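One letter stands for each residue in the lines below.
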Amino acid sequence: MEYMIRFTQIHEKFRLAEIEALAVLEGLNLEILSYKPDSPFCLVKLQSSDDAIKLIRRSILAKAIYELWGRGSTYEELHEDVRRRSEHLWPLYKSSSFKFSVDAFQGTRSSSEQRELINAFRFLAFEGPIKMKGAEQEFCISEEWVFNSSKQGIVVPHSVYLGRFLHVSERDVIGKYDLKKRKYISTTSMDSELALITANITLAAPGKLFYDPFVGTGSFPVACAHFGALAFGSDIDGRSIRGKGKTNLLANFVQYGLTNQFGDTFVADLTNTPLRVNRLFDGIVCDPPYGVREGLKVLGHRDPTKGKTPVFKDGIAHHLEPGFIPPKKPYSFLAMLDDILEFASISLVDNGRLSFWMPTANDTDQEIKIPQHPYLEITSVCTQEFNQWSRRLITYRRLPDSELGAGGVREQRVKEIGVSADDLNPFRKGYFQGFKKATKSDTAA
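A.B. asks: Can you walk me through the overall build of the chain in this structure?
C.D. replies: In terms of regular secondary structure, the chain is built from 13 helices and 18 strands. For the chain, long-range pairs separated by at least 24 residues make up 73% of all intrachain contacts whose partners lie at least 6 apart in sequence. Summing over all exposed atoms, the chain offers an accessible surface of approximately 22900 Å²; the carbon and sulfur share of this is 51%.

As C-alpha cells, this is what we get:
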C-alpha cells in the first residue's frame, strides 16, 4: 500500500538517508515512489500500516506518516482518485469520530477556504462525531504550492493529497537534547538534531555497541544512548572527558537518565589505540577534528629520530607520573581519515556501520575526495553546505567476509610531505588562504 511521509523542510539532503536507514533497521521492504528535495511530501510503498508506523516512529527529519487515500494535480483529480483508491476503506471508519485539517506548504488558506475544501469530501459519508481533539481518525488535506505563489498571481496549488494520519515521528525529542539546556558542552559539541540523525543513519538500537573515537563532550554517545545503544568513547584530550568537578561527559548521561546506556570513556589516540583487534562494535560514529583552529596532532615526537626509551626522574618513569602529558606531533588530515576507515574495517561486525563527518571545499578543484576501503561500502553521503565549504556525513557498511571481492587490496594514497599543519591538512590550508567560490557551471555540474 502507498503512504505519504510529511518531512520537515530542513536538512533536505539527509532525509532519504535517514528513512532508508530506518527501513534497514526495522527490516522493512521500502520502495520510494516519489520524492523531491524541495518538497516535504514523499510517497512510499510498504506492506502494511504497521510497517509505516515502525518506519516513522523514531525519525528526526519526518513529522508524520499518512495512509495515502488520494492524490492529484487538481481537486477534481484528487476526489476521483480518492474514490478509485480508497472507497473500500470508507466503511471501516463510518461511525468513528474524526477531524480534518489542511496543510498548505508554501501557501495559505483562510478559515473559510479550509472549511470549503473539507466539506468537498462529504462524499466519504462519515457518520461519526467531529472531534477537534482526541478524534479516533484524523485526515489531512495536503497542498503543495509554487514558491512565492501569491507574488506570481498563482491561486491554486500544483499538487494535492488526502491522507489518513497514522503516527508522528520522534522529532519533538530534539528540544530535550538541545545544547542550550545541556550541562556539559564545548565549542565543538555537535548540534543535537544532527547527532540524533547521525545515530539513526548508523542504526543505533538496543543491544548494540557504539563507539566514538573523538568523543569530546559526548554528543554522539548521548544520541546513540537515547536510541538504546550502549555507548563508549575515547579522546586524545582527557580534559574534554573529565571536565571540571561534576561538570563532565558523564554528567550529560546523568542529566538525561541514560547512565544504563553509558559504557565507558578513556583517553586514547586512534592511531595508538589500546583496544585489541576484535570485531565487536555495531556502529562507530564521530566528528573528527578538522584541524582548523589548531593543527591535527597524534601521540609521538616531532623528531622521528627520538626513540621510545623511558625517561626516569628520581627512579620513577616520567610517563607514569600523575601529571604526565604525552608528547604530540602534527598529523595529516587525510591520513586520519584513512585511519578511521582502517579501524572500522577491523572493529565493526558484519553489516555494522561507520558514520563520520568530513569537511570539504565547495569548489571541485579543491574538493577532498571521499575515502574508500575495500571492506567498507558507502551507503549514503549527506551534505551540509555553508558559504564556501561544506561538511559531509559519510556512512559506510562493513561488508561481510562472504561479500568481499578477490584480493581486497586497498589503494595506497600519496602521503603529504611536510611538518606544518598547513602542509598536512589541505582543508585547513584552503580555509585560511580562502576557498575559491563555486561558479554557476560548477553548481550545475
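Additional details are given in the paragraphs that follow.
A.B. asks: What is the right way to read the sheet that holds strand β1 (residues 2-7) from this model?
C.D. replies: Across a sheet, strands are paired by hydrogen bonds formed along the backbone, either parallel or antiparallel in direction. Reading across the sheet, the seven strands line up as β2-β3-β1-β4-β7-β6-β5 and stay open at both edges, with mixed pairing between neighbours. Looking at the sheet topology across the chains shown, the edges are occupied by β2 (31-34) and β5 (98-105). Here the strands of the sheet are splayed against their neighbours by 35° on average, with no regard to which way each runs. Relative to strand β4 (residues 62-72), β1 is paired through five bridges, and the arrangement is antiparallel. If you follow Y3 over to β4, its bridge partner there is E67.

A.B. asks: Quick question: what am I supposed to make of the packing of aromatic side chains here?
C.D. replies: Given two aromatic rings, one states the distance between the centres and the angle between the planes to describe the pair. Taken as a whole and assessed by the stated rule, the structure comprises 21 aromatic pairs. Ring centres 4.5 Å apart and planes at 55° place the aromatic pair Y177 and Y256 in the tilted group. Of this pair, Y177 sits in the loop between α5 (173-176) and α6 (192-201) while Y256 sits in the loop between α9 (249-255) and β10 (262-267), placing them 79 residues apart in sequence. Take Y177 and Y256: they sit in the same class, and that class is buried. By the ring-pair criterion, three or more aromatic residues cluster together here, those being W69, W90, Y93, F98, F100, F121, F123, F126 and F139. Across from the ring centre of F123, 3.9 Å away, lies the NZ or CZ of R83, which sits over that ring. Seen from the ring of W357, R391 lies directly overhead, with NZ or CZ sitting 4.7 Å from the centre.

A.B. asks: I would appreciate a short explanation of the side chain of E67 in the present structure.
C.D. replies: Structurally, E67 can be placed in strand β4. Taking relative accessible area as the criterion, E67 reaches 4% and is therefore assigned buried. Here the side chain of E67 touches W69 through a polar contact of 2.7 Å, side chain to side chain.

A.B. asks: How do you make sense of the pattern of salt bridges when you look at a structure like this?
C.D. replies: When the charged atoms of two side chains with opposite charge come close together, those side chains can pair. Following the criterion strictly, the structure yields 16 salt bridges and no others. Across the pair E193 and R171 runs a salt bridge, and its minimum N-O distance is 2.9 Å. Residue E193 is located in helix α6, and its partner R171 is located in the loop between β7 (159-168) and α5; the two are separated by 22 residues in the primary sequence. Residue E193 is classed as buried on the basis of its relative accessible area of 8%. Across the salt bridge formed by R239 and D237, the nearest N and O atoms sit 2.9 Å from each other.

A.B. asks: When you look at the pairing of strand β9 (residues 230-235) in this model, what are you seeing that I'm missing?
C.D. replies: Strand residues, when the strand is regular, have side chains that alternate between the two faces of the sheet. Of the pairings in the sheet, the one linking strand β8 (residues 209-212) to β9 comprises four bridges and is parallel in character. In the sheet register, L209 faces β9, and the bridge partner there is L230. Handedness of the crossover joining β8 and β9 through helix α7 (residues 219-226) is recorded here as right-handed.

A.B. asks: What am I meant to see in the sheet that holds strand β18 (residues 389-398) here?
C.D. replies: Spatial strand order, β10-β9-β8-β11-β16-β18-β17: seven strands in an open sheet with mixed pairing. Looking at which strands have only one partner, the edges of the open sheet turn out to be β10 and β17 (376-385). Taken over all neighbouring pairs, the strand axes of this sheet differ in orientation by 15° on average, direction set aside. As paired elements, β17 and β18 share nine bridges and run antiparallel to each other. Residue I378 lies in a different strand from β18, and its bridge partner there is Y396. Relative to the sheet, α6 contacts β11 (281-286), β16 (348-361), β17 and β18, its axis offset from that of β16 by approximately 145°.

A.B. asks: Could you clarify how one ought to interpret helix α1 (residues 15-26) in this entry?
C.D. replies: Relative to the 16 Å expected for twelve residues at 1.5 Å per residue, α1 spans 17 Å between its end C-alpha atoms, a close match to the ideal helical length. Of the positions making up α1, those classed as buried are R15, A17, E18, I19, A21, L22 and A23. Buried-residue contacts for α1 involve β1, α2 (49-56), β4, α6, β16 and β17. Just downstream of α1, G27 is the residue with a positive phi angle, here 70°.

A.B. asks: How do you make sense of the environment of E80 when you look at a structure like this?
C.D. replies: Locating E80 in the fold gives a position in helix α3 (residues 75-86). In the structure, E80 is positioned ten residues away from G70 in sequence and 8.1 Å away in space, judged by C-alpha atoms.

A.B. asks: Teacher, can you tell me more about unusual backbone geometry here?
C.D. replies: Of note in this structure, N148 is not a glycine but carries a positive phi near 60°. Within the secondary structure, N148 sits in the loop between β6 (137-144) and β7. N148 gets classed as partly exposed once you look at its relative accessible area, which sits at 34%. Non-glycine residue L203 carries a positive phi angle of around 70°.

A.B. asks: Just checking my understanding: could you explain the nonpolar core for this structure?
C.D. replies: Side chains that are nonpolar tend, in soluble globular proteins, to be buried together. Within the largest apolar cluster, 38 residues are counted, with the highest numbers of intra-cluster contacts made by L196, F253 and W357. Of all the secondary-structure elements, those providing two or more residues to this core are α5, α6, α7, α9 and β18. The element best represented in this core is α6, accounting for six residues. Discounting chain neighbours no more than four positions away, the residues touching L196 are I60, V173, I174, Y177, A223, H226 and F227. Ranked by size, the runner-up nonpolar core spans 23 residues in total, among them L341, A344, L354 and Y396.

A.B. asks: Even after reading the chapter, I still don't get the side chain of S169, so can you show me in this structure?
C.D. replies: Mapped onto the fold, S169 is located in the loop between β7 and α5. When sequence neighbours within four positions are dropped, the list of residues in contact with S169 reads I56, R57, S59, A62, K63 and A64.

Parameters and conventions
- Residues numbered from 1 in each chain as written.
- Predicted model: local features only at pLDDT ≥ 70, side-chain atom pairs only at ≥ 80, totals over all residues.
- Heavy atoms only, no water.
- Helix = DSSP H or I, 4+ residues; strand = E, 2+ residues; numbered from the N terminus.
- Contact = heavy atoms within 4.5 Å.
- Areas by Shrake-Rupley, 256 points an atom, 1.4 Å probe, with all protein chains shown as cover.
- Pairing = 2+ DSSP bridges.
- Axes fitted to C-alpha atoms, helices over the stretch in contact; angles between N-to-C directions.
- Phe/Tyr/Trp six-rings, centres within 6.5 Å; stacked < 30°, edge-to-face > 60°.
- Buried < 20%, exposed > 50% of the residue type's maximum accessible area, 1.4 Å probe, protein only.
- Lys NZ or Arg CZ within 6 Å of the ring centre and 35° of its normal.
- Polar contact = N/O pair within 3.5 Å; in protein donor to acceptor, adjacent residues only side chain to side chain.
- Salt bridge = Lys/Arg side-chain N within 4 Å of Asp/Glu carboxyl O.
- Right-handed = clockwise from strand over helix to strand, strands pointing away.
- Expected span 1.5 Å × (residues − 1).
- Core = buried A, V, L, I, M, F, W, Y, C linked by side-chain atoms within 4.5 Å.

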